[in-house]
Amino acid sequence: MARVTVDGIQVEVANGSSVLQACEAAGKEIPRFCYHERLSIAGNCRMCLVEVEKAPKPVASCGYPVMDGMVVKTDTAVVRKARRAVMEFLLINHPLDCPICDQGGECDLQDQAYSYGADHSRYAENKRAVKDKYLGPLVKTVMTRCIQCTRCVRFATEVAGVPELGATSRGENMEIGTYVEKALTSELSGNLIDICPVGALTSKPYAFMARPWELKRSDSIDVMDAVGTNISIHARGAEVLRILPRTNDEVNEEWMADKGRFSFDGFRRRRLDQPWVRAHGKLQPARWQDAFVAIAHGLQGVHGDRIGAIAGDLCDAESMVALRDLMVSLGSPNLDCRQDGARYDTTRREFYTFNTSIAGIEESDALLLVGCDPRHEAPVLNARIRKRYLAGRYPIGVIGHPTADLTYGAEIIGDRPAALTGLLEGGLAFAEVLKSAKRPMIVVGQAALARDDGAAVLAACWKLAESVGALADDWHGFNVLHHAASRVAALDIGFLPGRGGRSVAGMMSGGVDVLWLLGADEFHPARIGPDTFVIYQGHHGDAGASRADVILPGATYAEKPGTYVNTEGRVQRAFQAIMPPGEAKEDWRIIRAFSEVIGMTLPYDNLDAVRARLTEVNPVFGVQGLPRFGSGDRSGPAGDVAALGNAAFAPGIGDYYLTNAISRASPTMQECSRVYTQPVVQAAE
Amino acid sequence: MSTAETLADSASETLPDALREEIRLLGQHEAHPRAACIEALQRVQREFRWVSDAHLREVAGLLGMSAADLDGVATYFNLIFRRPVGRRVLLLCDSVSCWLMGRERLEAHLSARLGIRPGQTTPDGDVTLLPTVCLGHCDHAPALMLGDALHGDVDTQKLDAILEAAG
Ligand code: SF4
Ligand code: FES
Ligand code: FES
């Protein structure tokens, strides 16, 4: 520890800290542009100058290491003058076009110009102008505003792992750009917008939409994957204008993935905003009451075991528990949330969650990925893996088909279960790597579980984890990576076939007479038998709604308060940001209202009561945060390792940008899909 | 053939194996291979007179850098050429001492004689004229460099002689 005095305040900071960190510890705010806590230090903007006793001139505090006994002054005449001078230099070539700049109101340059800027310019010469660059459909550039802090370059290279941005030339001619003009190939590119301290990189879809002070902010949870990224939904009136990440070091640090950030323009398209009932083969608009009566009619005389329900990938826990309770009262054991047909063992929670925890990745020292593609299934989690990888000495093995570069060096060990056997029997060299690691991690993805031998794969991964010492009293290295936001909550609730109940496959082709789809769109509706009466409850006119006999318009995650459980098993709450459109309603209320129509009233009529019911069904819903745990019971999940098949693992999710009803309805995501999956058209811009 | 075509012919070829090997070794010599990048760029330039996109990408790969990163280095130094240059490069100092001593006259003379402005190459691909910062030869301003040779106290007569001698 080093003792440092900052403006007369004594603080102790770790050796190797920077002067800037010491100043922050003393509660002093240091202006900065290039410095960013989560990036390497560049020290090129000089805004953070402070005085250090015995140093001959002001020092850049962000890159200056502390020494024991150092005396720092952050508020002297010299410091103020130095910062004013730096500011004047920065503004020499800056266009000062705040009135037409989208960063206005939340711009570091603007803010700091208030403190250190002059009220007029002494610079009468021509300012430089810089050509804008094409970075893809999401990030808008106005490069004349760039102050060359290189945060974007460092973000792309270090965090996103796509070293495509660079700074060319020198001095006044320095420019930021992609080496060849092309869309930045990253699922994290939207973070560039947050990280740029000025208005050089802004959001294309948000261009000229609003000023920050006009927006109402609501805390929410991203449901585009199962990471549970903490987000803030910014809306004006009934319209969501943008979504930004909130900082949560245990989950997403301060990053978020592009699909979560930009898919919200899907909220207003293809929406189901009123009930529909099929009459004479055609869907007709209906009133809520008529829709409920039609369902009651469809249920008449149908025995419980001929009724089924499937929960989709975006559902909140509240609606799932309500639908489960309704199905139980109807006497139906046919419940399922696994549209992809994944095999789990839900007898213990650790068999289907990411037990190491996302933050825990940083403590691991070897990694094996089985049938998963974290870059596309969980981009923010992938950034954590990359962070650990960059820290060094982190062997990574892959079994399966990651669709693209994972952004870190990984060794492909095999593409089918035989590789697991090889590791178990020690025939493969990577087995030694895992064994010699102190805290190895094994991550098994949905592509490895959604197959006939899924249970065997799960069991084999557990067995491997145990045999390489990944299960210890203070370490849990067995992980399941989900990509459906609703999945873990559904498994916690037990949205699964009951005794003698049918799975998704069993409910297809006339397996049930009445089928309730709760936002379930990820299987082909033609698989449902022609005589099955289908109720679709959800927000978008996607696959499921097209086949429905009755449509109940529900709410998107932004339009209702909801509980979501991420792949770690972390229970998180989202608040309502906007009202559902038209006659659409909060989903659990729809189910509750219907239960009344058929005289099986569910015993809750407000949000607190549903949540109490959730906790009653599974106490985990009452737990805040995620206690880290080691593994106690070492016995593995059901599943016979001997039953491992020979088929190669499928390559994870298809098109990253179009994985659910919201993103498929989003023009921005469609454009991304066009640009990124059909590289030929890129040149057109 | 246009000037550009005369100049750019070899640019898209891959680097010769021997040069690739040499660059790899340069990298291996350093604790971080990227430390050899300036020398590597100079080697490519000695061979091809300039560094093309294709070559830049190749060198980046050999030294474990991204192309964008290496381009940052290449464009930082004004004696690494990222566009084709002629057989000879004439660097005419445009810093203050030379300015005072009449380098403008030299530039006008060169432009008239060669038919090109600074930044351009003669159509036959012989000479590229570039301005440069102080050559450290102020005591003999105005100064210029043709190829690797430094010349001081240049006037128009001497300039003609230099061009002819080397021509
Ligand atoms: S574009 Fe923004 S983040 Fe990138 S260097 Fe310029 S000011 Fe910094
Ligand atoms: S913040 Fe210290 S130099 Fe930029
Ligand atoms: S100014 Fe020309 S050599 Fe110094």
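Residues numbered from 1 in each chain as written. Chains lettered and ligands numbered in written order. Predicted model: local features only at pLDDT ≥ 70, side-chain atom pairs only at ≥ 80, totals over all residues. Heavy atoms only, no water.

An unreviewed UniProt entry lists chain B under the name NADH-quinone oxidoreductase subunit NuoE, with Lichenicoccus roseus given as the organism. Word for word, the UniProt comment on chain B under Sequence similarities (unreviewed entry) is "Belongs to the complex I 24 kDa subunit family." (UniProt positions renumbered as here; feature names shortened; annotations may be inferred.)

The name given to chain A in an unreviewed UniProt entry is NADH-quinone oxidoreductase, with Lichenicoccus roseus as the source organism. What the UniProt record of chain A gives under Catalytic activity (unreviewed entry) is the line "a quinone + NADH + 5 H(+)(in) = a quinol + NAD(+) + 4 H(+)(out)". The UniProt entry for chain A carries the following text under Sequence similarities (unreviewed entry): "Belongs to the complex I 75 kDa subunit family."

K.L.:
Mind showing me how you'd approach the interface of chain A and chain B here?
P.N.:
Often the size quoted for an interface is simply the accessible area lost on bringing the parts together. The interface is formed by ten residues belonging to chain A together with twelve residues belonging to chain B. At the junction of chain A and chain B, the tally comes to zero salt bridges. The interface formed by chain A and chain B includes three residue pairs in polar contact (both at pLDDT 80 or more). Residue composition of the side of chain A that touches chain B, by class: five nonpolar, three polar and two charged. (Contact = heavy atoms within 4.5 Å. Salt bridge = Lys/Arg side-chain N within 4 Å of Asp/Glu carboxyl O. Polar contact = N/O pair within 3.5 Å; in protein donor to acceptor, adjacent residues only side chain to side chain. Nonpolar A, V, L, I, M, F, W, Y, C, P; charged D, E, K, R; others polar.)

K.L.:
Before we go on, may I ask you to explain the site of ligand 1 in this structure?
P.N.:
Residues in contact with ligand 1 amount to 14 residues; listed here are only the nearest, C146, C149, T150, C152 and C196 of chain A. Tallied by class, the residues present in the shell around ligand 1 amount to eleven nonpolar, two polar and one charged. (Near = heavy atom within 4 Å.)

K.L.:
I tried to follow the domain arrangement of chain B on my own but got confused; where do I start?
P.N.:
Partitioning chain B into domains gives domain 1 (3–76) and domain 2 (88–166). Inter-centroid distance (C-alpha atoms) of domain 1 of chain B to domain 2 of chain B is 28 Å. (Domains from an automatic or database assignment.)

K.L.:
Help me understand the sheet that holds strand β25 (residues 533–538) of chain A, please; the structure alone is not making it clear to me.
P.N.:
Two modes of strand pairing occur in sheets, parallel and antiparallel, and in both the strands are linked by backbone hydrogen bonds. Residue and element names in this part refer to chain A. Overall, mixed pairing links the seven strands, which are arranged β14-β13-β26-β25-β24-β15-β16 in an open sheet. Lying at the two open borders of the sheet, with one neighbouring strand each, are β14 (282–285) and β16 (334–336). On average, each strand axis in the sheet is tilted by 15 degrees relative to the strand beside it, whichever way the strands run. Sheet topology note: the β25/strand β26 (residues 550–553) ladder contains four bridges and is parallel. Following the sheet pairing, Y536 is matched in β26 by I551. Packed onto the sheet, helix α7 (residues 288–299) meets β13 (276–279), β15 (307–311), β24 (514–518), β25 and β26 and runs at close to 135 degrees relative to β26. (Pairing = 2+ DSSP bridges. Helix = DSSP H or I, 4+ residues; strand = E, 2+ residues; numbered from the N terminus. Axes fitted to C-alpha atoms, helices over the stretch in contact; angles between N-to-C directions.)

K.L.:
Is there a simple way to explain the pairing of strand β23 (residues 478–481) of chain A in this structure?
P.N.:
Strand residues, when the strand is regular, have side chains that alternate between the two faces of the sheet. Residue and element names in this part refer to chain A. Every second residue of β23 is oriented toward a common face, with F478 and V480 on one face and N479 and L481 on the other, all of them buried. Here strand β20 (residues 440–445) pairs with β23 via four bridges, running parallel. Counterpart to V443 in the pairing with β23 is N479. (Buried < 20%, exposed > 50% of the residue type's maximum accessible area, 1.4 Å probe, protein only.)

K.L.:
How should the sheet that holds strand β1 (residues 88–93) of chain B be read in this particular structure?
P.N.:
Residue and element names in this part refer to chain B. Strand order in the open sheet formed by four strands is β2-β1-β3-β4, with mixed pairing between adjacent strands. The two strands at the open ends of the sheet, each matched to only one other strand, are β2 (127–132) and β4 (149–151). When the angles between neighbouring strand axes are averaged without regard to direction, this sheet yields 20 degrees. Pairing between β1 and β2: six bridges, direction parallel. Residue pairing across strands places R88 opposite V127, the latter belonging to β2. Strand contacts of helix α7 (residues 103–114): β1 and β2, with the helix running at about 150 degrees to β1, the strand carrying the most contacts.

K.L.:
Explanation requested: helix α18 (residues 587–597) of chain A in the structure shown.
P.N.:
Owing to its 3.6 residues per turn, the α-helix brings residues three or four apart onto one side. Residues and elements named next belong to chain A. For α18, the full list of buried residues reads D587, W588, I590, I591, R592, F594 and S595. Residues of α18 that are buried sit in contact with α7, α8 (317–329), β24, β25, β26 and α19 (607–617). Looking one or two residues past α18, G599 carries a phi angle of roughly 70 degrees, positive in sign.

K.L.:
How should I be thinking about the nonpolar core in this particular structure?
P.N.:
As a rule of thumb, soluble globular proteins bury nonpolar side chains together. Residue and element names in this part refer to chain A. Grouped together as the largest cluster of nonpolar side chains are 96 residues, with contacts concentrated most on V4, V72, L109, F155, L369 and L381. Counting residues per element, this core draws most heavily on helix α4 (residues 151–160), which supplies six residues. Counting residues domain by domain, this core receives three or more from each of domain 1 (2–92) and domain 2 (355–481 + 628–653). Leave out the neighbours within four places in its chain, and V4 touches I9, Q10, V11, V13, A22, V66, M67, M70 and V72. Membership of the second largest hydrophobic core comes to 84 residues, among which are M320, Y352, W462 and F594. (Core = buried A, V, L, I, M, F, W, Y, C linked by side-chain atoms within 4.5 Å.)

K.L.:
Is there a simple way to explain the confidence of the model for chain A in this structure?
P.N.:
In low-pLDDT segments, the atomic positions of the prediction should not be examined closely. Per-residue pLDDT for chain A averages 94, and the proportion of residues at 70 or more is 99%. Confidence drops under a pLDDT of 50 for residues 680–685 of chain A, and excluding neighbours within four residues, the segment shows six contacts in the predicted structure. (pLDDT = per-residue confidence, 0-100.)

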